[in-house]
Amino acid sequence: MQKSDLNFDYPKNLIATERKPVSRVMYVNGGDPLEVTPSYILTQIGPDDLLVLNDTKVIKARVHTEEGFEILFIEALQENQWNVLCPVRKWPKGQSLKLPGNIELQLIKKGRPQTVETSQKIDLDYFQEYGELPLPPYIQEARGERSTRASDELQYQTAWAEKMGSLAAPTASLHFSNEDIQKIKSRGAEVKRLCLHVGLGTFLPVQSENLEDHIMHSEYVSIPKETWQSVLNCKKRGGKVWALGSTVTRSLESMAQGVFDEKEDQFFGETDLFIRPGFQFKIVDVLMTNFHQPGSTLIAMVMAFAGVDNVRKNYQWAIERQYRLFSYGDLSVWKM
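All values derive from a computational prediction rather than experimental measurement.

K.L.:
Lay out the overall build of the protein in plain terms, naming residues and giving numbers.
P.N.:
Looking only at helices and strands, the protein features ten helices and 18 strands. Rg of the C-alpha trace for the protein: 20 Å, near the compact-globule value of 20 Å for 336 residues, within the 12% margin. When the 336 residues of the protein are sorted by exposure, 55% land in the buried category. Put simply, of all contacts in the protein between residues at least 6 apart along the chain, 73% involve residues at least 24 apart. Counting every atom, the protein has about 15,300 Å² of accessible surface; 46% of that belongs to carbon and sulfur. One way to put it: in the protein the 39 positive side-chain charges average out to a point 3 Å from where the 43 negative ones average out.

Below, the structure is given as structure tokens:
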């Protein structure tokens, strides 16, 4: 399959620039799509079913330099060295950049990501004081604003965000509240958590024309043993496993391939699993996810789950009806 097969056209005005109190949901239950509400979707999760969600929390890892550059800190490598994403072509050759807090930043290695060295150690406390949430660039562009808004502090975190470490929100969860989770439990269904810290693997677009040549960056996953046991029990009793988001889907299907290590109370490790058309799903029965950008690994996952032509047809249906797209946009639910 080619990267061009992941493309589709959409009007730029459909890019959502903020959350709305009530979202629209495109529900595809093996046939033609229906427009429903998030509250309706809750009623479709049966007493034998299991909903799995991601409790990662987004770090304020984007920092603006005095020169006006945006630096996204991705991963600490060693003392004072980080992998980052930055406008390296605009970086003055041989010069350091100045970060808030009187810290200098030196470019060590080009590439994607780049490697930089800081003159002082920086940590989560530093990001909390000087950083901002790394909203996707297409939201910045659609807003015509380079910095985040105060409202993003709440809008871009899920209701159950707990474990600090993500570079993006698991946005399917933005449509639901803790009260919604309690409603699901009151109907007899199980709700369990895992954690995938979103990194380059999720939000970098496909880099090569042939999907098989794309190198997927790895992301950290932690799955409590209690969660995995609930997954196995659900499959055994014939229930449906509902994955709230692409990150949950990637975590569970990676677990089924036995790629994680084990310790007393959890399975953990890195996954570089690239789910694309042809992939055989072993765990997830229902995929709940936002509408994704063309050319992304995420649209490839949805096409793997629901079929290339089916996704194309239903995305066009949603676009014709002015669904709001991407991270702050509306929800799609695929029950195949």
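K.L.:
So, the packing of helix H9 (residues 297-306) against helix H10 (residues 308-320): which residues are in play, and what are the values?
P.N.:
In the contact formed by H9 and H10, the axes pass within 7 Å of each other and the chain directions differ by 115°. Relative to H10, the element H9 is oriented roughly perpendicular. Where H9 crosses over H10, the handedness of that crossing is right-handed. Contact residues: Ile299, Val302, Met303 and Ala306 in H9; Val308, Asn310, Val311, Arg312 and Tyr315 in H10. Partitioning the contact of H9 with H10 into residue classes produces seven nonpolar, one polar and one charged.

K.L.:
Report on helix H5 (residues 178-186), specifying residues and quantitative values.
P.N.:
Every buried residue of H5 is listed here: Asp180, Ile181 and Ile184. For H5, the angular spread of buried residues about the axis comes to 100°, placing them on one side. Exposed and facing more than 90 degrees away from the buried side of H5 are Glu179 and Ser186. A positive phi of about 100° marks Gly188, the residue just after H5.

K.L.:
How would you sum up the pattern of salt bridges? Please name residues and give values.
P.N.:
Overall, the coordinates contain 18 salt bridges when judged by the stated rule. Across the pair Glu18 and Arg149 runs a salt bridge, and its minimum N-O distance is 3.9 Å. Of this pair, Glu18 sits in the segment before strand E1 (25-28) while Arg149 sits in the loop between helix H3 (137-143) and helix H4 (152-155), and the two are 131 residues apart along the sequence. Owing to a relative accessible area of 37%, Glu18 belongs among the partly exposed residues under this scheme. Across the pair Lys163 and Asp55 runs a salt bridge, and its minimum N-O distance is 2.7 Å. A residue pair is termed long-range when its members are at least 10 positions apart, and Lys163 in strand E11 (residues 163-166) and Asp55 in the loop between strand E3 (50-54) and strand E4 (56-58) qualify at 108 residues. On the basis of relative accessible area, Lys163 is assigned to the partly exposed category, the value being 34%. Salt bridges sharing partners connect three or more residues here, namely Asp55, Glu162, Lys163 and Arg193.

K.L.:
Before we move on, can you summarise the environment of Leu154 with the specific residues and values?
P.N.:
If you trace the backbone, Leu154 turns up in helix H4. Looking at Leu154, the relative accessible area reads 71%, which means it is exposed. For the pair Leu154 and Arg19, spaced 135 residues apart in sequence, the C-alpha to C-alpha distance is 9.9 Å.

K.L.:
Which residues make up the sheet that holds strand E17 (residues 286-290), and what values go with them?
P.N.:
With mixed pairing, the ten strands of this open sheet are ordered in space as E2-E1-E18-E17-E14-E3-E12-E13-E16-E15. Looking at which strands have only one partner, the edges of the open sheet turn out to be strand E2 (34-36) and strand E15 (261-263). Across this sheet, the average inter-strand angle for adjacent strands is 25°, counted without regard to direction. Where strand E14 (residues 241-244) meets E17, three bridges bridge the pair, whose relative direction is parallel. Looking at E17, one finds that Ala243 is bridged to Leu287. Of the strands in this sheet, E17 and strand E18 (331-335) touch H9, which is tilted by about 150° from E17.

K.L.:
Describe the packing of aromatic side chains, naming the residues involved and giving the relevant values.
P.N.:
Summed over all chains, the structure comprises 16 aromatic pairs. Taken together, a centroid distance of 6.2 Å and an interplanar angle of 65° make the contact between Tyr27 and Tyr40 edge-to-face. Separated by 13 residues along the polypeptide, Tyr27 in strand E1 and Tyr40 in helix H1 (residues 38-43) bring together distant segments of the chain. A residue is classified by how much of its surface remains accessible, and Tyr40, at 34% relative accessible area, is partly exposed. Between the aromatic rings of Trp82 and Phe127, the centroid separation amounts to 5.5 Å while the plane-to-plane angle is 85°, which identifies the pairing as edge-to-face.

K.L.:
How would you explain unusual backbone geometry if you had to name every residue and give the values?
P.N.:
The linkage connecting Arg112 with the following residue, Pro113, adopts the cis geometry, with an omega of 10°. Position of Pro113 relative to the elements: it lies in the loop between strand E9 (103-109) and strand E10 (114-118). Although it is not a glycine, Asn80 adopts a positive phi angle of roughly 65°. Following the sequence through the fold, Asn80 ends up in the loop between strand E6 (70-78) and strand E7 (81-85). The phi angle at Phe326 is positive, at roughly 75°, despite the residue not being glycine. Looking at the element boundaries, Phe326 is found in the loop between H10 and E18.

About the criteria used
Residues numbered from 1 in each chain as written. Predicted model: local features only at pLDDT ≥ 70, side-chain atom pairs only at ≥ 80, totals over all residues. Heavy atoms only, no water. Helix = DSSP H or I, 4+ residues; strand = E, 2+ residues; numbered from the N terminus. Rg over C-alpha atoms; globule rule 2.2 N^0.38 Å. Buried < 20%, exposed > 50% of the residue type's maximum accessible area, 1.4 Å probe, protein only. Contact = heavy atoms within 4.5 Å. Areas by Shrake-Rupley, 256 points an atom, 1.4 Å probe, with all protein chains shown as cover. Lys, Arg positive; Asp, Glu negative; His and termini not counted. Charge placed at Lys NZ, Arg CZ, Asp CG, Glu CD. Axes fitted to C-alpha atoms, helices over the stretch in contact; angles between N-to-C directions. Parallel < 35°, antiparallel > 145°, perpendicular 65-115°, else oblique. Left-handed = near helix turned anticlockwise from the far one by under 90°. Nonpolar A, V, L, I, M, F, W, Y, C, P; charged D, E, K, R; others polar. Arc of directions from axis to C-beta. Salt bridge = Lys/Arg side-chain N within 4 Å of Asp/Glu carboxyl O. Pairing = 2+ DSSP bridges. Phe/Tyr/Trp six-rings, centres within 6.5 Å; stacked < 30°, edge-to-face > 60°.

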